Amino acid sequence: MNAAIDPRAARAAAQWLVRLHAGPLNPDEQRAFQAWRASDPAHDTAWKRAELVCSTLASVPPALRQAADGAPQSPQRRAVLYGLAGLIAAGPALWLASQSRPWQGWQAWRAAIRTARGEIRHMTLPDGTQLVLNTDTAIDVHYGAALRLLELHAGEIHVATGRDAAVPARPFLVRSCNGAVRALGTHFSVRQGGSVLAPRTQVGVSEGAVEIRPAQAPGALCRVNAGRQGSFDDRVVSPLTPLGPHAAGWLQGVLVAERMPLAEVLEQVARYRYGIIRCDPALAAMPVDGIFQLKDPDNILLLLQRTLPIRLARRTRYWISVEAA
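To keep things clear, this report deals only with the structure shown in the data block. For clarity, every value in this text was computed on a predicted model and none was experimentally measured.

**A closer look at the packing of aromatic side chains**
No. 1: In this structure the tally under the stated criterion is 3 aromatic pairs.
No. 2: Their ring planes at 55 degrees and their centres at 5.2 Å tell us that tryptophan 16 and phenylalanine 33 sit as a pair that is tilted. One end of the pair, tryptophan 16, is in helix 1 (residues 7-22); the other, phenylalanine 33, is in helix 2 (residues 27-39), with 17 residues separating them in the sequence.
No. 3: Given a relative accessible area of 18%, tryptophan 16 falls into the buried group.
No. 4: By relative accessible area, which is 6% here, phenylalanine 33 ends up buried.
No. 5: Measuring from centroid to centroid gives 5.0 Å for phenylalanine 33 and tryptophan 47, while their planes differ by 75 degrees, and the two rings are edge-to-face. Of this pair, phenylalanine 33 sits in helix 2 while tryptophan 47 sits in helix 3 (residues 41-56), and the two are 14 residues apart along the sequence. Residues phenylalanine 33 and tryptophan 47 agree in their burial class; the two are buried.

Next comes the structure, spelled out in structure tokens:
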């Protein structure tokens, strides 16, 4: 799967990838898709490479959503198709060797500390700070004479700050692409979220307090106290809301759902497995209750299928559509 692929087959595979993500194929489209794959060995190889791209790059699904929802001739859709086709044609060896990703910054790919998809890692920093990295997370740690800094490039972390022995005590900051979060003796989580074109940083505080400072509006300082959460982009902090009682369940490796919409459950599960999970919009609001082990996301999907009026339609190895039973 490392050899280069015919660019025309790669472009066609990228188009089918985006079309499939937009929803189930109708019978005519299904026949056309199968006929395309069978008509030339290069087509089938290109499609298998497209599946590999989806399984390897964590940030492909948001880009696919943007392309699937965009106008057929929109610059955004063309850009995503071009990027997908390039990855499909080039092969894993090239994009891994380049140490770059088309939908994530190169900093995340080159970060000193990373977790794999589905991995949760606990660490202790030099000052005694307890750090937990959630699935698919990338950070760099910079402890200097005047500052303790964590750079969050991708994913989510939970921080329980330690008491700094330096005099005076050094500020503790978490910096994302949207700005900085300063700890005020606290336990808190920071997640790099949002979409590819509109990244957004989410913050939740379980003990103490933090200060949020957007990168392009440093005067828009916002204090978040224990039991509150919010998000921010480069300029604005959202209105704060109560922190959910089970928001930190992932620290124990569980997802706790209490009347949680099915679409939200699936979104969380998708963070811990390779591939794409698509939910029928008609089922999105279906309430889900349960405690699920995040270390086995495929088993979560099977449990949902057994307990809810839904079925899992596997379009490809890495592509699951959740539909009405």
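**Some thoughts on the side chain of serine 231**
No. 1: Examined against the element boundaries, serine 231 turns out to sit in strand 12 (residues 228-232).
No. 2: Of note is the side chain of serine 231, whose polar atom sits 2.8 Å from the side chain of arginine 200.
No. 3: Non-local contacts of serine 231, meaning those with residues more than four positions away in its chain, are made with Arg200, Thr201, Gln202, Val236, Val237 and Ser238.

Here is what the cut-offs are and how they apply
Residues numbered from 1 in each chain as written. Predicted model: local features only at pLDDT ≥ 70, side-chain atom pairs only at ≥ 80, totals over all residues. Heavy atoms only, no water. Phe/Tyr/Trp six-rings, centres within 6.5 Å; stacked < 30°, edge-to-face > 60°. Helix = DSSP H or I, 4+ residues; strand = E, 2+ residues; numbered from the N terminus. Buried < 20%, exposed > 50% of the residue type's maximum accessible area, 1.4 Å probe, protein only. Polar contact = N/O pair within 3.5 Å; in protein donor to acceptor, adjacent residues only side chain to side chain. Contact = heavy atoms within 4.5 Å.

The values are spatial; any link to function lies outside them.
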